[in-house]
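# Structural overview for review
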Amino acid sequence: MNLIKTICIAMLAVVIAAPAANAQRGKTAAEYKKTLASGITKSDNGDFFINIKFNAPKEVAEAASDIPLALLTLLFYVDPKMDFHRFNKIMRKETGGKDTFYVSDTLNAADKYLAASNMQLKKINFSPNNARLKINQGLPLFLSISDAPELDKVLARSKLRPQSGDLKEWEKSLAKTQVKNFSATKTSVWFCLLVGYNKGTSEFAVLLKNKTYWFTEAELKKIISSSYELRI
């Protein structure tokens, strides 16, 4: 569990904000979808982005130290009145009452928790078209990506992105600056949320380690370890 705890601590500042009057128990699927879709912004340059901010109650943040922050963020995003005590009961049942558990246990517990609201957390094969569709619906994808030193290069490039006034030129520069190969490790992963895209430049925005990384489609396909979507 040390790796998971380290990841959670590193991601503690990752924040997500649900749109106003977000998911409350008893809402229909159509109402959920309408509310979530209202939180999307579209920039003149073609960026689609889910406005994400999140502050977990202190007692929840402390009690959930073993849960990937990106997953906890997603749960609060669709249910800002999340009943963490109920989630914890499901979690304890999933692990047979043991204090040690795996990420797979947490994901199973999250799926069962969401089932009460007629939602499902489903593991999928990453598809760029599906990712864009989900963002358009106001639904982030929950990802795990392999740790790699080349992530620093992606971040450094992402910081320069707002300074580019012409995305056509930016798109040309991506061909030269995108990472061709990642020195990824198989034993260390980061949990994150895919929250935006630009179809014109074939980029995707990922909240990772409290920062926004803009990956090219080719880069993201190489670095993703697993992908989950929320179905409503």
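Look a little higher up for the structure.
### Here's the deal with helix α7 (residues 128–136)
Within α7, burial applies to Pro128, Ala131, Arg132, Lys134 and Ile135. Mapping the buried residues of α7 onto a view down its axis gives an arc of 160°, with all of them on the same face. In the stretch just after α7, glycine 138 is the one whose phi turns positive, near 80°.

### Concerning the packing of aromatic side chains
With the rule as written, the count across this model stands at seven aromatic pairs. Arranged with centres 6.0 Å apart and planes meeting at 25°, the rings of phenylalanine 84 and phenylalanine 87 form a pair that is stacked. Pair noted here: phenylalanine 84 and phenylalanine 87 are both in helix α5 (residues 84–94), with a separation of three residues, about one helical turn. Here the two residues phenylalanine 84 and phenylalanine 87 agree in accessibility, since each one is buried.

### Details of the side chain of threonine 73
With respect to the element layout, threonine 73 can be found in helix α4 (residues 69–78). There is a polar contact of 2.4 Å between the side chain of threonine 73 and the backbone oxygen of leucine 69.

### Here's the deal with the packing of α5 against helix α6 (residues 103–115)
Orientation of α5 relative to α6, taken along the N-to-C sense of each, is 130°, at an axis distance of 9 Å. Looking at the two axes, α5 sits oblique to α6. By crossing handedness, the relation of α5 to α6 is classed as right-handed. Along the contact surface, α5 presents Arg86, Phe87, Ile90, Met91 and Glu94, while α6 presents Asp105, Thr106, Asn108, Ala109, Ala110, Lys112 and Tyr113. Partitioning the contact of α5 with α6 into residue classes produces six nonpolar, two polar and four charged.

### Focus on the pairing of strand β7 (residues 211–216)
Where strand β6 (residues 203–208) and β7 come together, six bridges link them in antiparallel fashion. Bridged to leucine 207 within β7 is threonine 212. Connecting β6 to the next strand, β7, in antiparallel fashion are two residues, including lysine 209 with a positive phi near 55°.

### Observations regarding the side chain of arginine 157
Inspection of the secondary structure assignment puts arginine 157 in helix α8 (residues 151–160). By relative accessible area, arginine 157 is classed as buried at 7%. Not counting residues within four places of it along the chain, the set of residues in contact with arginine 157 comprises Trp170, Leu174, Thr177, Gln178, Val179, Trp214, Phe215, Thr216 and Glu219.

Rules used throughout
- Residues numbered from 1 in each chain as written.
- Predicted model: local features only at pLDDT ≥ 70, side-chain atom pairs only at ≥ 80, totals over all residues.
- Heavy atoms only, no water.
- Buried < 20%, exposed > 50% of the residue type's maximum accessible area, 1.4 Å probe, protein only.
- Helix = DSSP H or I, 4+ residues; strand = E, 2+ residues; numbered from the N terminus.
- Arc of directions from axis to C-beta.
- Phe/Tyr/Trp six-rings, centres within 6.5 Å; stacked < 30°, edge-to-face > 60°.
- Polar contact = N/O pair within 3.5 Å; in protein donor to acceptor, adjacent residues only side chain to side chain.
- Axes fitted to C-alpha atoms, helices over the stretch in contact; angles between N-to-C directions.
- Parallel < 35°, antiparallel > 145°, perpendicular 65-115°, else oblique.
- Left-handed = near helix turned anticlockwise from the far one by under 90°.
- Contact = heavy atoms within 4.5 Å.
- Nonpolar A, V, L, I, M, F, W, Y, C, P; charged D, E, K, R; others polar.
- Pairing = 2+ DSSP bridges.

Interpretation in functional terms is not warranted from these geometric data alone.
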